[in-house]
2 protein chains.
Amino acid sequence: MGWETERKFLVKDLSFKKHTKGILIRQGYLSVNGDATVRVRVAGNRAYLTIKGKSEGISQPEFEYEIPVTDACEMLDNMCIKPVIEKYRYKIEYKGFVWEIDEFLKENEGLIVAEIELENENQDFPLPDFIGQEVTFDFRYRNSYLAIHPYKTWKL
Amino acid sequence: MGWETERKFLVKDLSFKKHTKGILIRQGYLSVNGDATVRVRVAGNRAYLTIKGKSEGISQPEFEYEIPVTDACEMLDNMCIKPVIEKYRYKIEYKGFVWEIDEFLKENEGLIVAEIELENENQDFPLPDFIGQEVTFDFRYRNSYLAIHPYKTWKL
């Protein structure tokens, strides 16, 4: 098991796209209740099953296993909560830190968020220009929430 | 993905124990809702993550992946629905067919069921003497039901 410590921000503009090319991710959830979420993800030509436990602050326990892409596609089509999330993921390095930027598609179009993985909750890091408001603690921006309440249905 | 086609019976007596030694299984569920159950199992010194889809008749789609025992134990202790199911599993061959017999422990003590895996729903098979009433279609005997409604709480 690993622990993920992440902070999450809205993205103000598309300037990040100049420096990187995205890969298409399709992901869905077998479960978002109780003490664990179970995620199925196809990213490019690989697939993963990921179990995440309850958050403690901004950290979360996580187990991840690679699985056959054909299995993942069957689970996404037949077993996961609908709609399945589709997004482009971009990776950008900025002053020694890696940012993962998700540009959501379809039912979540219009939403772009950036995440940075940290070594601990108190680690400092520099903010690129395209980074906007922090939403680390806003549960609506969790993918497991978006799977049930797509962004286009939000009343902002 | 595989499909499992199984029939399930109560066990009338312990005569099956003469011919076999059981292994201890601990298993729990990360999810029992929606269109999939997600099971974590430690059987002897191996562990598995299993995703089962909705039944069609007595058949059920199933994906199974071996995972590290340490991961499975952490999930059983911290993420699965309580109580975790414990049982001894015995395997017996009878006239060319393999029976799996589960003798439940702790919160499910007193319950013993036998399952036979078939190639198709119409396959005939001989019944050993220890086999009692069929419960294939009784959802209470599913392990995912027992995880939430242990046998000792049933009002029979």
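Use the structure listed above.
Residues numbered from 1 in each chain as written. Chains lettered and ligands numbered in written order. Predicted model: local features only at pLDDT ≥ 70, side-chain atom pairs only at ≥ 80, totals over all residues. Heavy atoms only, no water.

Caption draft 1: Here's a closer look at the environment of Val113 of chain B. Along the chain, the position of Val113 of chain B falls in strand E8 (residues 112-117). A C-alpha to C-alpha distance of 8.3 Å links Val113 of chain B and Glu100 of chain B, two positions 13 residues apart in sequence. (Helix = DSSP H or I, 4+ residues; strand = E, 2+ residues; numbered from the N terminus.)

Caption draft 2: Highlighting the relation of the copies chain A and chain B. Superposing chain A onto chain B takes a rotation of 180° plus a shift of 0.0 Å along the axis, which leaves an RMSD of 0.0 Å. In symmetry terms, the pair is related by a two-fold rotation axis. No C-alpha of chain A approaches the rotation axis more nearly than that of Ser31 of chain A, which lies at 2.9 Å. In this assembly the copies share their binding face: 100% of the residues contributing to the interface of chain A also contribute to that of chain B. (Least-squares fit on C-alpha atoms with pLDDT ≥ 70 in both. Contact = heavy atoms within 4.5 Å.)

Caption draft 3: Geometry of the interface of chain A and chain B. The interface of chain A with chain B comprises 21 residues on the first partner and 21 residues on the second. Interface area, chain A with chain B, both sides summed: about 1,700 Å², of which 69% is carbon and sulfur. When the area that chain A buries against chain B is broken down by residue, the three leading residues are Phe63, Tyr65 and Met79 of chain A, summing to 32%. Run the count over chain A and chain B and you get 0 salt bridges. Summed over the shared surface of chain A and chain B, the result is 2 residue pairs in polar contact (both at pLDDT 80 or more). Listed by contribution, the elements that provide at least two residues to the side of chain A that touches chain B are strand E2 (23-31), strand E3 (36-43), strand E4 (46-53), strand E5 (59-67) and helix H1 (69-78) of chain A. (Buried area = accessible area lost by both parts, 1.4 Å probe. Salt bridge = Lys/Arg side-chain N within 4 Å of Asp/Glu carboxyl O. Polar contact = N/O pair within 3.5 Å; in protein donor to acceptor, adjacent residues only side chain to side chain.)

Caption draft 4: Broad picture of the packing of aromatic side chains. Applying the stated criterion to the full structure yields 20 aromatic pairs over all chains. For the ring pair Tyr151 of chain B and Trp154 of chain B, a centre distance of 5.0 Å and an interplane angle of 65° mean the geometry is edge-to-face. Grouping residues by exposure puts Tyr151 of chain B and Trp154 of chain B together as buried. Taken together, the ring pairs connect Phe139, Tyr141, Tyr145, Tyr151 and Trp154 of chain A into an aromatic cluster. (Phe/Tyr/Trp six-rings, centres within 6.5 Å; stacked < 30°, edge-to-face > 60°. Buried < 20%, exposed > 50% of the residue type's maximum accessible area, 1.4 Å probe, protein only.)

Caption draft 5: Highlighting the side chain of Ser31 of chain A. Structurally, Ser31 of chain A can be placed in strand E2. Setting aside its immediate chain neighbours within four residues, Ser31 of chain A contacts Ala36, Thr37 and Val38 of chain A together with Leu30 and Ser31 of chain B.

Caption draft 6: Representation of the pattern of salt bridges. Scanning the entire structure with this criterion turns up 30 salt bridges over all chains. Note that Arg39 of chain B and Glu64 of chain B form a salt bridge whose closest N and O atoms lie 3.3 Å from each other. Here Arg39 of chain B is found in strand E3 (residues 36-43), whereas its partner Glu64 of chain B is found in strand E5 (residues 59-67), with 25 residues between them in sequence. A relative accessible area of 39% means that Glu64 of chain B is categorised as partly exposed. For Glu100 of chain B, the salt bridge identified is with Lys91 of chain B, shortest N-O distance 3.3 Å. Salt bridges sharing common partners tie together Lys87, Arg89, Lys91, Glu100 and Asp102 of chain A.

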